[in-house]
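Chain by chain, the residues run as shown.
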Amino acid sequence: MKLTKLPIEYQEAIPVLKKLECAGFDAYFVGGSVRDTLLGQKIHDVDIATSAFPQEIKQLFPKTIDIGIEHGTVLVLHEGEQYEITTFRTESTYQDYRRPDSVSFVRTLAEDLKRRDFTINAFALKEDGEIIDLFDGLADLENRILRAVGQPYERFHEDALRMMRGIRFVSQLGFQLEAETAKAIQENHALLEKISVERMNVEFTKMLLGNYRSAGLKAFVETQCYIYCPGLREAGEALLRFSDLPAIPLSNESQAWALLINQMGLSEKDVAPFLKAWKCSNQMIKNVQKLVYGLSLRLEHPLEPLDIYYLGKEKAQDVEELIAYFHEIPQLETVEEIYESLPIKSMRELAIDGKVLLMTSGKTPGKWLSEALESAEKAVIQEKVANEREQLLAYLSTEYL
Ligand code: ATP
Ligand code: MG
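Along each chain, residue indices are assigned from 1 in the same order as the chain's sequence is written. Here the convention is simple: chains get letters from A, ligands get numbers from 1, in the order in which they are written. Restriction of local features to residues with pLDDT of at least 70 applies here, the model being predicted, together with a cutoff of 80 or more for giving and counting side-chain atom pairs; totals for whole chains, interfaces and linings are based on all residues. The side-chain figures draw on all heavy atoms in the structure; neither hydrogens nor water molecules are used.

An unreviewed UniProt entry lists the protein chain under the name CCA-adding enzyme, with Candidatus Enterococcus wittei as the source organism. UniProt positions are given in the numbering used here, feature names are shortened, and annotations may be inferred rather than shown by experiment. Regarding the protein chain, the relevant UniProt record gives this comment under Sequence similarities (unreviewed entry): "Belongs to the tRNA nucleotidyltransferase/poly(A) polymerase family. Bacterial CCA-adding enzyme type 3 subfamily." If you open the UniProt record of the protein chain and go to Subunit (unreviewed entry), you find "Homodimer."

As structure tokens, then:
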């Protein structure tokens, strides 16, 4: 099969392929972007596979960065774009069902494509639009099927993460796992225990954010892969409940975690340990905690100025969007209006500060100080008092000064 027109991202990368070819090497576009092009979807990263070895790639291009040279990957900078160029390779020594600790470089494309996970991820594309399809991936793409390249059982033994990737693609593409592939995942799900949480996290969050999340979650439960994911051993039913929620795509990762946690019914104090077990960043944990808290408020009543002040504009809107999963219509404009009309947006905008309170009261610093400031802050947001120095001091005088 031959594509008549390549997306602009590929057209811009053609000089990079040509340069490798002029030096006598083979070079192709490979990976997810070829799949996405065939699906008519927008592509993100353009990946290139070549017969050139890393040192040979580096000699050809003036600007390169070693990002994974032991795996054969060099980042090439060309006309403001970045391209991952990876030497054709096989992954021969697999230990413990994980990514191989060493790779062997090879000089043929076929060997490289053979080590890829699914037939729809194993295409190569020439700059003239020719698609190389050694495993009938085009038929699978047409039939919307995810099929492991080669023997599924062996392939999941080589690298168990592929099972999570399969489920992630179910969720992103709405494709079905081919019967033997699905069976092999179910039989091998326990191998996920060996996989690093960081790699699992990437696939799991992509799964939660997929447009076909419901199908992805069902496959995740049916194949039992969830059992060996951090904190999910007992979550089968919660995950199925999650899959039954309205099929609205989530906007971001924090929302995904917050909705999952809501469906799991985790208590507030269990949120951080759960996300830590998934190796989420501290920033992510903070964001999700806010969304979980905000959602619990929003499920009781519309967000009030104080809630929106506390959450901040973005998170208040994230919370408001989440209400759609509970059969209510998000009132994003109302949230925005409330936010914009808040008398202050942060404590820094308060007309008094600790220094003023100390001077006025003549008292020594202590816990009362932050309590007084918080009380003033709250009163301003609730419009009980204007954000003016004298009025605030009068407001605080009976209790604190
Ligand atoms: P995305 O659109 O999310 O980037 P992708 O298919 O490009 O999806 P990547 O993780 O970027 O996924 O990997 C690029 C390509 O490398 C894949 O299309 C596949 O051919 C191959 N690949 C990635 N991970 C594995 C793996 N664990 N086992 C085998 N092949 C893999
Ligand atoms: Mg990719």
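That covers the picture; the talk isn't over yet.
J.: I'd love a proper account of the domain arrangement of the protein chain, names of residues and values included.
T.: As far as domains go, the protein chain holds domain 1 (1-142), domain 2 (144-243), domain 3 (247-341) and domain 4 (349-395). On a C-alpha basis, the centroid separation for the pair domain 1 and domain 3 is 39 Å. What fixes the domain bounds is an automatic or database domain assignment.

J.: Hey, could you go over the packing of helix α10 (residues 213-222) against helix α11 (residues 236-244) for me, with residue numbers and the actual values?
T.: Axis separation between α10 and α11 bottoms out at 8 Å; the angle between their running directions is 160°. By the angle class used here, α10 and α11 are roughly antiparallel. The way α10 lies across α11 gives a crossing that is left-handed. Judged by residue contacts, Arg213, Ser214, Leu217, Lys218, Phe220 and Val221 of α10 engage Gly236, Leu239, Leu240, Phe242, Ser243 and Asp244 from α11. The class makeup of the residues in the contact of α10 with α11 is six nonpolar, three polar and three charged. Lines are fitted to the C-alpha atoms to define the axes, a helix being fitted only along its stretch in contact, and any angle between axes, read from their N-to-C directions, falls within 0 to 180 degrees. Secondary structure counts use DSSP, requiring at least four H or I residues in a row for a helix and at least two E residues in a row for a strand, with both numbered from the N terminus. Any angle that falls under 35 degrees is termed roughly parallel, while one over 145 is termed roughly antiparallel, one within 65 to 115 roughly perpendicular, and all others oblique. Each helix crossing is assigned a hand: it is left-handed if the near helix lies turned anticlockwise from the far helix by less than a right angle, otherwise right-handed if that turn is clockwise. Working rule for contacts: check all heavy atoms of both residues, and any pair within 4.5 Å makes them a contact. Each residue is assigned to one class: nonpolar for Ala, Val, Leu, Ile, Met, Phe, Trp, Tyr, Cys and Pro, charged for Asp, Glu, Lys and Arg, and polar for all the others, Gly among them.

J.: Describe the UniProt feature "binding site: Mg(2+)" (unreviewed entry) in the protein chain, and please don't skip the residues or the numbers.
T.: Per the UniProt record, "binding site: Mg(2+)" (unreviewed entry) is found at Asp45 and Asp47. Mapped onto the elements, Asp45 comes out in the loop between α2 (32-38) and β2 (47-50). Think of a polar contact as two N or O atoms within 3.5 Å of one another; within protein, one of them needs to be a possible hydrogen donor and the other a possible acceptor, and neighboring residues in sequence only count if both atoms come from side chains. At 3.5 Å, the side chain of Asp45 forms a polar contact with the side chain of His44. With respect to the helices and strands, Asp47 occurs in strand β2. The rule is simple: take the accessible area with a 1.4 Å probe, protein chains only, and divide by the maximum for that residue type; under 20% is buried, over 50% is exposed, in between is partly exposed. Using a relative accessible area of 21% as the deciding quantity, one classes Asp47 as partly exposed.

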